[in-house]
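In case you want the letters, here they are:
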Amino acid sequence: MEALNNTYIGHVMVARVALKDHRGHYQTLQIQGRRKKTYSGWLKQAGVFYTNAMNDKGILAELGKFGMTPEILQKGLAAIKDIEKKIAQQKRETGEAQEATAVRDEAFEKIEDWVVDFLAVSRVALKEQSQMLEALGVVEP
């Protein structure tokens, strides 16, 4: 991720120089101001940069003068999309794990309820046989 960020920042710096006389392109690529720090903000900003750069012939022409080819931009966009897929997969897996935990906890609650009932009935049924209760793990004071 750090390597991709460094590459992206380098591309933004080149774009700022290449497009210094084209402020409208700054808006199109969202290269004015600071870069976002959050994952979602950063991914959105970088995605807009690469997508819009590749879709605007004027921007491509200016960036091409500085060696930034459509292939380089496509590679950057592909890397951004790959990270987005990985984050989405991680979120799905996190959700699945949380759901599995909820199902497990519900099952434990049902078992706990059953065990409480079982022990209560056992105490009544084996009231006169304390050794049998101890065999079940029930120690009466």
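Throughout, residues of each chain are indexed from 1 in the direction in which the sequence is written. Under the rules for a predicted model, residues below a pLDDT of 70 receive no local features and side-chain atom pairs below 80 are neither given nor counted, while totals for whole chains, interfaces and linings still include all residues. To get the side-chain values, all heavy atoms of the structure are used, and hydrogens and water are removed first.

*Asks:* Which residues make up the overall build of the protein, and what values go with them?
*Replies:* By definition, any uninterrupted DSSP run of H or I lasting at least four residues is a helix, any uninterrupted run of E lasting at least two residues is a strand, and each is numbered from the N terminus. Summing up its helical and strand segments, the protein has six helices and zero strands in all. Ordered by position in the sequence, the α and β elements of the protein form the string α-α-α-α-α-α. We compute the radius of gyration over the C-alpha atoms and compare it with the globule rule, which gives 2.2 Å times the number of residues raised to the power 0.38. In terms of C-alpha radius of gyration, the protein reaches 31 Å, well past the compact-globule figure of 14 Å for 141 residues. Referenced to the eigenvectors of the C-alpha coordinate spread, the extents of the protein come out at roughly 95 × 25 × 20 Å. Across the 141 residues in the protein, those meeting the buried criterion constitute 26%. Under this rule, positive means Lys or Arg and negative means Asp or Glu; His and the chain ends count for nothing. A charge is said to be at NZ when it belongs to Lys, at CZ for Arg, at CG for Asp and at CD for Glu. On the protein, the mean spot of the 20 positive side-chain charges and the mean spot of the 19 negative ones are 18 Å from each other. Categorising residues by exposure relies on relative accessible area from a 1.4 Å probe, with only protein chains included: less than 20% of the type maximum marks a residue as buried, more than 50% marks it as exposed, and the intermediate range marks it as partly exposed.

*Asks:* Explain the packing of helix α1 (residues 2-18) against helix α3 (residues 39-55) to me, and be specific about the residues and the numbers.
*Replies:* What counts as an axis is a line fitted to C-alpha atoms, over the stretch in contact for a helix, and the angles between N-to-C directions run from 0 to 180 degrees. Orientation of α1 relative to α3, taken along the N-to-C sense of each, is 50 degrees, at an axis distance of 11 Å. As summarised for this structure, α1 and α3 are arranged oblique, according to the angle between their axes. With respect to the hand of their crossing, α1 and α3 are arranged in left-handed fashion. Mapping the contact onto sequence places Leu4, Asn5, Thr7, Tyr8, His11, Val12 and Ala15 in α1 and Trp42, Gln45, Ala46, Phe49 and Tyr50 in α3. If an angle is under 35 degrees, it is roughly parallel; if it is over 145, roughly antiparallel; if it lies from 65 to 115, roughly perpendicular; otherwise it is oblique. In this scheme, a crossing is called left-handed if the near helix is turned counterclockwise away from the far one by less than a right angle; it is called right-handed if the turn is clockwise. Two residues form a contact once any of their heavy atoms are found within 4.5 Å.

*Asks:* I'd love a proper account of the pattern of salt bridges, names of residues and values included.
*Replies:* The salt bridge definition used is simple: a Lys or Arg side-chain nitrogen within 4 Å of an Asp or Glu carboxyl oxygen. The tally for this structure, following the rule as stated, stands at five salt bridges. Linking Lys86 and Asp82 is a salt bridge whose minimum nitrogen-to-oxygen distance equals 3.2 Å. Placement of both Lys86 and Asp82 in helix α5 (residues 70-125) is noted, with a separation of four residues, approximately one turn of the helix. The partner of Arg104 in a salt bridge is Asp105, and the shortest N-O contact between them spans 2.8 Å. The partly exposed category is assigned to Arg104, whose relative accessible area is 44%. On the basis of relative accessibility, which here comes to 32%, the residue Asp105 falls in the partly exposed class.

*Asks:* Before we move on, could you go through the packing of aromatic side chains and cite the residues and values that matter?
*Replies:* Stacked, edge-to-face and tilted are the three classes for Phe, Tyr and Trp ring pairs, Trp counted by its six-membered ring, which pair at centre distances within 6.5 Å; planes under 30 degrees apart are stacked, over 60 edge-to-face, the rest tilted. Under the criterion given, the structure shown has five aromatic pairs. Ring geometry for Tyr8 and Phe49: centres 5.8 Å apart, planes at 80 degrees, overall edge-to-face. Of this pair, Tyr8 sits in helix α1 while Phe49 sits in helix α3, and the two are 41 residues apart along the sequence. Taken individually, Tyr8 and Phe49 each receive the classification buried, so the pair is uniform in this respect. Summarising the aromatic geometry, the rings of Phe49 and Tyr50 are spaced 5.0 Å apart at their centres and angled 80 degrees between planes, so their arrangement reads as edge-to-face. Classification of Phe49 by relative accessible area gives buried; the value is 0%. Relative accessible area serves as the criterion here: at 0%, Tyr50 is assigned to the buried category. Site record: aromatic cluster; members linked through ring pairs are Tyr8, Trp42, Phe49 and Tyr50. By definition here, charges over rings are those cases where NZ of Lys or CZ of Arg is within 6 Å of the ring centre and within 35 degrees of the ring normal. Above the plane of the ring of Tyr26 lies Arg23, whose end atom (NZ or CZ) is 4.5 Å from the centre.

*Asks:* An account of the confidence of the model for the protein is needed here, citing residue identities and associated values.
*Replies:* For the protein, mean pLDDT is 91; residues scoring 70 or higher make up 99% of the total. Between the elements of the protein, mean pLDDT differs from a low of 83, seen in helix α6 (residues 130-135), to a high of 95, seen in helix α4 (residues 57-64). Every residue gets a pLDDT, meaning the predictor's confidence in that residue, from 0 to 100.

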